[in-house]
Amino acid sequence: MPYSGTRIVSFIVVGLFIVVSLFWSFSEESQAAVECPATKPHRPSTYHLHKATLSKILHSEEFRNASVMKLQAAIRTRTEVYDDDPLLVEDDFTYWSKFEKFEQLLKSTFPLFYSKTTLQKVNYHGLVYIWEGSNSSLKPLVLMAHQDTVPVSNLTLNQWEHDPFSGDYDGENVYGRGVADCKEQLIGLLEAAEELISSEFSPRRTIIYSFGFDEEVGGPRNKNAEWLERKYGKDSMYAVLDEGGVNLDIIQGVKMSVPGTAEKGYMDLKIILETPGGHSSIPPRHTSIGIMGEMIVELEKYEFPKYFTKNNPAFWEYVCVAEHSPEMASSVKKSILSAGHNQKANEIARNYIDVDLGKGFVVKSTRAIDIISGGVKANALPEYVELTMNVRIAMEETVATVVDRVIDIIKPVVDKYHLGLVSDLNGRQELKPSTPAGNCLLKVVQAFPPAPLTPTLGSHWDIFAGTIHHVYEDLVAPDSTGLIVAPGIGSGNTDTKYYWNLTNHIYRYKPGLLPGVYSKEHGINEFIPMDSHLHLIAFYYEYILSVDETDD
Ligand SMILES: *[C@@H]1O[C@H](CO)[C@@H](O)[C@H](O)[C@H]1NC(C)=O
Ligand SMILES: *[C@@H]1O[C@H](CO)[C@@H](O)[C@H](O)[C@H]1NC(C)=O
Ligand SMILES: *[C@@H]1O[C@H](CO)[C@@H](O)[C@H](O)[C@H]1NC(C)=O
Ligand SMILES: *[C@@H]1O[C@H](CO)[C@@H](O)[C@H](O)[C@H]1NC(C)=O
Ligand SMILES: [Zn+2]
């Protein structure tokens, strides 16, 4: 008996299904799990000529004492900045003259450096030093730090064990405002330069030192990068190195250095409600403050989507942790290592980082509702309510996708109260006409997208990561191994956000024994171990030598 038509069809369907599922599972297996990009120690070919100086930097008591004094002088020369500082330097030269004093201190402390470099002051107090190389066809290396610090609140002064501006040194740590963020970096860069000059080094590749003076308030006065772009053009730099990252932190049992190779985006978004006023004795059921309250509930209920993709440097960070961790559960390891090609594994990895590790900011955009104001009088209905929300934008999103999400979240509340809706992203856009009930306005006050991804394949990265290995595995702790250098994501922003046009190779990394939070950056009793400071000098010293001998 011949097979009926339907039986043939069902055979074909079942057959196809088997073939497809076999192929599917085969292709999942065949796609090798991703691997932690391995890096190995790199040292300059002239290392033997510089070994004695490096040893002096790290181990000489005399050098250490002299270095402590330089750091102390920098802490004592106060450079706090405030959110309400005069926007233009021209508005108040006297106010900004503290940076004049700081520059004078640098000049008297680093005579060799001043003799080899030319200083360009940009917008009065931005410092750009150029140490001209002998070969102008090599792209310059840009080394950064900021001169300013956050203030110290008078209310917390009595909790400081050391006066925040004395620069106390107890034989182990140096204390003071800015010592960990980031006067040690600025001073360390110049100490390394002085040592290089004393060792008769003169660069083939131009080295540029670029120090802003308002990083802690977002850098609106920082024109250094603009000036460099005018002088040298786009994509004109070999690499940019600034503060940031994590060093020697133990993550799931793995000793790691995690330089930032991207930064999340940033947005300050205002939501404004304008409603008719009136007498409080005959109020509507909900005032604009109540309506705003409903919006806040919705905004905080909402969870931004999670991503764990190769666009996010933290993807590689966690791949490295998974590959090397003696502690992480093997099922989690397996998920992280297959997250690049397996949806289910990807979801497990995302949730693990968010929920188990409590590091959701690594895998998604975040929002914080930070300021609210509205209403003027107890017996008058509020006519104006304003909320400011700060958003840190994941690598996979843009300013526009985040604004769209916010619109989706608040739209039902806008509809419920028959309000109009206007967004000012890309010019004024009326999404719903204003009504007698009032209006809701979205205003992007300040925003920039996630930073472009720094490449972590190729010689730029190999030299950079290799120098970290060499300093920590061969110089600081001879013959130690097991340090993993992996790319990571900066959740905050540095002055590097102005430098994107100058190079793809931007590193946010500071050597030292303690990750920033342990050093109480911005906090009470800020300090650094003096050893960290010496590591930092040794790192810059070696990195400059290695970068100088490559032709890339
Ligand atoms: C370094 O400073 C310490 C403490 O002030 C002092 O005891 C020591 O003699 C100094 N060492 C050198 C080599 O100057
Ligand atoms: C903190 O105290 C100092 C010294 O008494 C004073 O000059 C300064 O204005 C105070 N700062 C604030 C913000 O109150
Ligand atoms: C980078 O270049 C673009 C295009 O020329 C320009 O619009 C932008 O302002 C530049 N970015 C910075 C931070 O200078
Ligand atoms: C300068 O660097 C370029 C690019 O690496 C190289 O081709 C050239 O030979 C160098 N010139 C001198 C004088 O060393
Ligand atoms: Zn800083």
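Residues numbered from 1 in each chain as written. Chains lettered and ligands numbered in written order. Predicted model: local features only at pLDDT ≥ 70, side-chain atom pairs only at ≥ 80, totals over all residues. Heavy atoms only, no water.

1. Some points on a nonpolar patch on the surface
On the surface, Leu513, Leu514 and Tyr518 cluster together to form a nonpolar patch covering roughly 250 Å² of accessible area. Along the chain, the position of tyrosine 518 falls in the loop between β18 (506–508) and β19 (527–529). Note on tyrosine 518: relative accessible area 48%, which makes it partly exposed. (Patch = residues over 30% accessible without salt bridge, like charges linked within 9 Å, V, L, I, M, F, W, Y side chains within 5 Å. Areas by Shrake-Rupley, 256 points an atom, 1.4 Å probe, with all protein chains shown as cover. Salt bridge = Lys/Arg side-chain N within 4 Å of Asp/Glu carboxyl O. Helix = DSSP H or I, 4+ residues; strand = E, 2+ residues; numbered from the N terminus. Buried < 20%, exposed > 50% of the residue type's maximum accessible area, 1.4 Å probe, protein only.)

2. Quick word on the nonpolar core
Across soluble globular proteins, nonpolar side chains have a tendency to be buried as a group. Ranked by internal contacts, the top residues of the largest apolar core, which has 66 residues, are Leu106, Tyr209, Phe211, Leu241, Phe464, Phe539 and Tyr543. Sorting elements by how many residues they give to this core places helix α16 (residues 530–549) first, with 12 residues. Those residues in contact with leucine 241, other than ones at most four positions away along the chain, are Val142, Leu143, Met144, Phe464, Tyr507, Tyr509, Phe539, Tyr540 and Tyr543. (Core = buried A, V, L, I, M, F, W, Y, C linked by side-chain atoms within 4.5 Å. Contact = heavy atoms within 4.5 Å.)

3. Comments concerning the side chain of lysine 306
Mapped onto the fold, lysine 306 is located in the loop between α9 (288–301) and α10 (313–324). A polar atom in the side chain of lysine 306 sits 2.9 Å from the side chain of aspartate 354. Every residue in contact with lysine 306, bar those within four places of it in the chain, is listed here: Arg350, Asn351, Asp354, Val355, Val363 and Lys364. (Polar contact = N/O pair within 3.5 Å; in protein donor to acceptor, adjacent residues only side chain to side chain.)

4. Quick look at the site of ligand 1
All residues adjacent to ligand 1 are Glu61, Glu62 and Asn65. Contacts to ligand 1 include glutamate 61, whose side-chain N or O atom sits 2.7 Å from a nitrogen atom. For ligand 1, an oxygen atom lies 2.3 Å from a polar atom in the side chain of asparagine 65. Contact with the protein chains covers 31% of the free accessible surface of ligand 1, which is 360 Å². (Near = heavy atom within 4 Å.)

5. Remarks on the domain arrangement of the protein chain
Taken domain by domain, the protein chain comprises domain 1 (47–262 + 452–549) and domain 2 (264–448). With centres defined by C-alpha atoms, the gap from domain 1 to domain 2 works out at 34 Å. On the side of domain 2, 23 residues touch domain 1, which itself brings 20 residues to the contact. Both faces combined, the contact of domain 1 with domain 2 buries some 1,800 Å², and carbon together with sulfur accounts for 69% of it. Counting every contact that joins domain 1 to domain 2 gives zero salt bridges. Secondary structure elements with two or more residues in the side of domain 1 that touches domain 2: β8 (254–258), β9 (260–263) and β17 (488–490). (Domains from an automatic or database assignment. Buried area = accessible area lost by both parts, 1.4 Å probe.)

6. Some words on the coordination of the zinc ion (ligand 5)
Looking at the metal site, the zinc ion (ligand 5) is ligated by His146 (NE2), Asp181 (OD), Glu243 (OE) and Glu243 (OE), spaced 1.8 to 2.6 Å from it. Here the zinc ion (ligand 5) is ringed by four donor atoms whose angles at the metal span 54 to 154°, and the overall shape comes out irregular. If you list the donors of the zinc ion (ligand 5) from N- to C-terminus, the spacing comes out as H-x34-D-x61-E. Highlighted residues: aspartate 181 in the loop between β4 (173–175) and α7 (183–198) and glutamate 243 in the loop between β6 (239–242) and β7 (246–251), separated in sequence by 62 residues. (Donors = N, O, S within 2.8 Å, 3.2 Å for Na, K, Ca; no water. Tetrahedral: all angles 85-135°; square planar, octahedral: opposite > 155°, others 65-115°.)

7. Here we look at the packing of helix α3 (residues 61–76) against α16
Orientation of α3 relative to α16, taken along the N-to-C sense of each, is 95°, at an axis distance of 11 Å. Relative to α16, the element α3 is oriented roughly perpendicular. Between α3, through Phe63, Arg64, Ser67, Val68 and Leu71, and α16, the contact on the second element is made entirely by Met530, Asp531, His533, Leu534 and Ile537. Taken together, the residues that form the contact of α3 with α16 break down as six nonpolar, two polar and two charged. (Axes fitted to C-alpha atoms, helices over the stretch in contact; angles between N-to-C directions. Parallel < 35°, antiparallel > 145°, perpendicular 65-115°, else oblique. Nonpolar A, V, L, I, M, F, W, Y, C, P; charged D, E, K, R; others polar.)

8. Observations concerning the site of ligand 4
In the vicinity of ligand 4, the contacting residues are Asn135, Ser137, Leu138 and Asp551. Here serine 137 contributes a side-chain N or O atom positioned 3.2 Å from an oxygen atom of ligand 4. Computed on the free molecule, ligand 4 has an accessible area of 360 Å², of which 38% lies beneath the protein chains in the complex.

9. Considering the UniProt feature "domain: Peptidase M20 dimerisation" (unreviewed entry) in the protein chain
Feature annotation in UniProt assigns "domain: Peptidase M20 dimerisation" (unreviewed entry) to the following positions: residues 261–416. Between the end C-alpha atoms of residues 261–416 the distance is 44 Å, and the span holds 46% helix and 21% strand. (UniProt positions renumbered as here; feature names shortened; annotations may be inferred.)

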